Amino acid sequence: MAHSLADPEKPTQFPRDEEDETCPIKQVDVTVPKTDDPNMPVVTFRMWVLGLTSCVLLSFVNQFMWYRTNPMSLSSISAQIAVVPIGRLMARTITKRIFFKGTKWQFSLNPGPFNVKEHVLITIFANSGAGTVYATHILSAVKLLYKRKLTLFPAFLVMITTQVLGFGWAGIFRKYLVEPAEMWWPSNMVQVSLFRALHDKEKRARGSLNRTQFFLLVLVCIFAYGLLPNYLLTVLTSFSWLCWIAPNSVLVNQIGSGNWGLGIGSFGIDWSTISAYLGSPLASPWFATANVAVGFVLVMYVMTPLCYWLNIYQAKTFPIYSQHLYLSNGTLYNINKIVDSKFQLNQEAYAKIGRVNLSTFFVMTTYGLGFATLAATLVHVFLFNGRDLLNQTKGAFTGSRKMDVHARLMKAYKQVPVWWFLVLLFFNIALIIFVVEYYKESLQLPWWGVIFACGLAFVFTLPIGIINATTNQVLGALVSVAVYTGIAWWLMGSITNLCDQTLLPPNSKWTCPMDNTFFNASVIWGLVGPRRIFGDLGEYTMVNWFFLVGAILPIIVWLLQKAFPRQRWISLINMPVLLGSTSMMPPATAVNFTSWIIIGFLSGFVIYRYRPKLWERCNYVFSGGLDAGTAFITILIFFSLQYSNNITLNWWGNSGEGCPLAKCPTAKGVAVDGCPVF
């Protein structure tokens, strides 16, 4: 049933005149049920208990993992699978007595069998805790890296307002990104398939395992294995064997290092390394994995070496791969030396110390390709989706838009009015403005910055949403944000020098790569300002041409598609996806990508093609078990061995990947501690 998710062709659409009982997207048509029972009990005692518990547990686990070098995220799929036997147990054991019978307040703790709608709502709760709160970067940057005073209350306000703000945008764009049948959100098909698999009657063959038993088996096995990469043999997180051939060669270290170089031959035998930044490769269709692989190869093995060895932007003065900021002599820039007592740029100190310099990889990948991706997204959506957007806008006002079978089924339920979302949106914007103005000394964001950020969000939410929708609960948000904030605050006070890579011990697991990348971005776009980096006062003005390049590339694809309509492969080229394939680098490193691509190839191509039944039955369950087992062993090791006693094991297997010179510059005369001078 889920086979179509890995179809390497463009999503198949049915003719519009056949849409009465079908969905225009074949993948959705064969995956999502076309029947519904509006009377099925949903808001039950089981739903509240399991939903809130899942939300709290996943929030705790994911915030705990956030600061680690490989910040793996435990997805809601783990909870989606784990709650099934518990829900069914509660249905068998909890009393079916009806309380306040005969009154309008009557209810039952057990209205019947555990059903799929309860399960979906539980998973929605779990999903609130399955991601991350982006505003955590703000807390980490201010408190841990800028080392400024920040109290818990404004921190919580920042976290909750930025999260709830998203509901407002969702309501505004609902008619464009949710209601149209063409907006099918491929990643959700994974969970829909899993819901059907878990609730369809399954006959277990003698001597085999059902899905729940298989999930538990995988969880236990990876839990046991996780002791190796997380404690006993940490070199498994980045197995960079090429460096062992010539450990004293800077060139070989740069080529072979999975953490600080090109990562040729490097791989990780650790699920947190594999799934840290890109999510589970088992949940990615092969054609999507292939797009990421092509983009990674072009960026890491073509663009990066060329830029480095041609010494573009003095590339050899800095590491070949880095997200840090540097002085012109190749040493790390101490940002706190250019921050005055008012948490603003000390221009006199900045003029004396010198400009902020970026590694060429950071400039070209994060910002150059980032600029190109933004421009490509706008142009791509205009060219390929412009007519649909116009028709949807007309249909939204005239009510003439046709509905597919699923949209008609949803008519049985009363929709949340749009004005609710608008009130929520504007109330949150007002509250954010109050927070940044009242706590200006700590947050350093003017009120007009909030308006500007909201304007950018308004412009880019629709086109980026369309790209995601065609390629790959408020209470839950409140609960998850409370847990996220509490755990972040606890870790900030419990782990010495958390996130400060200049003070942490070598090979520390608490390097916070995402927070450090955000901190460096805050220096570029906030403290120093883009004019001194990319503008007329900066060194990297040529990078702005990437905007033009990004805008032109979708036009070329569109023209080719019009000129050669029979060449179907042209329609598969999606420039925003291709240009943005390495958008997580940094903080993601080469070993994260190489390992992810290998597993994605084995799952999405080899096993799917040659063992399709095995793939359909086990793939997503296997992924959920790996997520859950890895997270649980990581937390157990921290509390039992590292939290209070800090029991470490020092030997060769825990001394890093063995590429100590990968971060060394190669420009003549540049002297950096621990590196040879050329």
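None of the values given here were measured: they were computed from a predicted structure.

Reading the values: rules and limits
Residues numbered from 1 in each chain as written. Predicted model: local features only at pLDDT ≥ 70, side-chain atom pairs only at ≥ 80, totals over all residues. Heavy atoms only, no water. Helix = DSSP H or I, 4+ residues; strand = E, 2+ residues; numbered from the N terminus. Areas by Shrake-Rupley, 256 points an atom, 1.4 Å probe, with all protein chains shown as cover. Patch = residues over 30% accessible without salt bridge, like charges linked within 9 Å, V, L, I, M, F, W, Y side chains within 5 Å. Salt bridge = Lys/Arg side-chain N within 4 Å of Asp/Glu carboxyl O. Buried < 20%, exposed > 50% of the residue type's maximum accessible area, 1.4 Å probe, protein only. Disulfide = S-S within 2.5 Å. Expected span 1.5 Å × (residues − 1). Bend = angle between axes of the 7 residues up to and from the residue. Core = buried A, V, L, I, M, F, W, Y, C linked by side-chain atoms within 4.5 Å. Contact = heavy atoms within 4.5 Å. pLDDT = per-residue confidence, 0-100. Axes fitted to C-alpha atoms, helices over the stretch in contact; angles between N-to-C directions. Left-handed = near helix turned anticlockwise from the far one by under 90°. Nonpolar A, V, L, I, M, F, W, Y, C, P; charged D, E, K, R; others polar. Phe/Tyr/Trp six-rings, centres within 6.5 Å; stacked < 30°, edge-to-face > 60°.

Draft legend 1. Quick look at the overall build of the protein chain. Within the protein chain one finds 27 helices and four strands. Carbon and sulfur atoms provide 66% of the accessible area of the protein chain, an area that totals close to 32500 Å².

Draft legend 2. Spatial organisation of a nonpolar patch on the surface. A contiguous nonpolar surface patch, about 860 Å² in accessible area, is contributed by Leu227, Leu228, Leu232, Trp241, Trp244, Ile245, Leu649, Trp651 and Trp652. Mapped onto the fold, Leu228 is located in helix α10 (residues 227–232). Here Leu228 falls in the partly exposed class, since its relative accessible area comes to 31%.

Draft legend 3. Spotlight on the pattern of salt bridges. Within this structure, the stated rule accounts for four salt bridges. The partner of Asp36 in a salt bridge is Lys117, and the shortest N-O contact between them spans 2.8 Å. With Asp36 in the loop between α1 (26–29) and α2 (45–66) and Lys117 in helix α4 (residues 116–130), this pair connects stretches of sequence that are 81 residues apart. Asp36 sits in the partly exposed class, given a relative accessible area of 34%.

Draft legend 4. Examining the state of the cysteines more closely. With the rule as written, the count across this model stands at three disulfides. Residue Cys243 pairs covalently with Cys659 via a disulfide, S to S 1.9 Å. Looking along the S-S bond of the Cys243-Cys659 disulfide, the torsion reads about 100 degrees, which is the right-handed sense. Residues Cys243 and Cys659 agree in their burial class; the two are buried. Covalently, Cys499 is tied to Cys512 through a disulfide, its sulfur atoms 2.1 Å apart. Residues Cys499 and Cys512 are joined by a disulfide whose S-S torsion is about -80 degrees; by sign, that bridge is left-handed. With Cys499 in the loop between α21 (474–494) and α22 (513–527) and Cys512 in the loop between α21 and α22, this residue pair connects regions lying 13 residues apart in the sequence. Neither Cys499 nor Cys512 differs from the other in exposure class; each is buried.

Draft legend 5. Focus on helix α14 (residues 286–309). Taking 1.5 Å per residue as the helical rise, α14 with its 24 residues ought to reach 34 Å, and the 33 Å between its terminal C-alpha atoms agrees with that figure. Of all the bends in α14, the greatest, near 30 degrees, is centred on Met303, and the proline Pro305 appears no more than four residues after it. In the stretch just after α14, Asn311 is the one whose phi turns positive, near 60 degrees.

Draft legend 6. Main features of the nonpolar core. Counting residues in each nonpolar core, the largest one holds 120 residues, and the members touching the most others are Tyr67, Tyr146, Leu325, Ile335, Ile338, Leu358 and Leu498. At nine residues, helix α16 (residues 360–398) tops the list of elements feeding residues into this core. The residues contacting Leu325, other than those within four sequence positions of it, are Leu332, Tyr333, Ile335, Val356, Asn357, Leu358, Phe362, Asn520, Val523 and Ile524. Ranked by size, the runner-up nonpolar core spans twelve residues in total, among them Met47, Val83, Phe114 and Val479.

Draft legend 7. Main features of the confidence of the model for the protein chain. Predicted confidence across the protein chain gives a mean pLDDT of 82, with 88% of residues reaching 70 or more. Per-residue pLDDT, averaged within each element of the protein chain, yields its smallest value for α1 (65) and its largest for helix α12 (residues 250–256) (93). A low-confidence stretch, residues 1–19 stays under pLDDT 50, and its non-local contacts, those more than four residues away or across chains, total 59 contacts.

Draft legend 8. Region of the structure containing the packing of α2 against helix α3 (residues 76–93). At their nearest, the axes of α2 and α3 sit 10 Å apart, and the two run at 150 degrees to each other. The handedness of the crossing between α2 and α3 comes out as right-handed. Contact with α2, carried on its side by Phe45, Arg46, Val49, Leu50, Ser54 and Leu58, involves Ser76, Ala79, Val83, Ile86, Gly87, Met90 and Ala91 of α3 and no other residues of that element. The class makeup of the residues in the contact of α2 with α3 is nine nonpolar, three polar and one charged.

Draft legend 9. The arrangement of the packing of aromatic side chains in detail. Overall, the coordinates contain 38 aromatic pairs when judged by the stated rule. Residues Tyr146 and Phe343 carry aromatic rings whose centres are separated by 5.0 Å and whose planes lie at 70 degrees to one another, so their mutual orientation is edge-to-face. On the criterion of sequence distance, the pair formed by Tyr146 in the loop between α5 (136–145) and α6 (152–172) and Phe343 in the loop between β3 (325–326) and α15 (347–353) is long-range, its members being 197 residues apart. A relative accessible area of 8% means that Phe343 is categorised as buried. Taking the centre distance of 5.5 Å and the plane angle of 25 degrees together, the rings of Phe434 and Tyr438 count as stacked. One end of the pair, Phe434, and the other, Tyr438, are both in helix α18 (residues 418–438), four residues apart, so they sit about a helical turn from each other.

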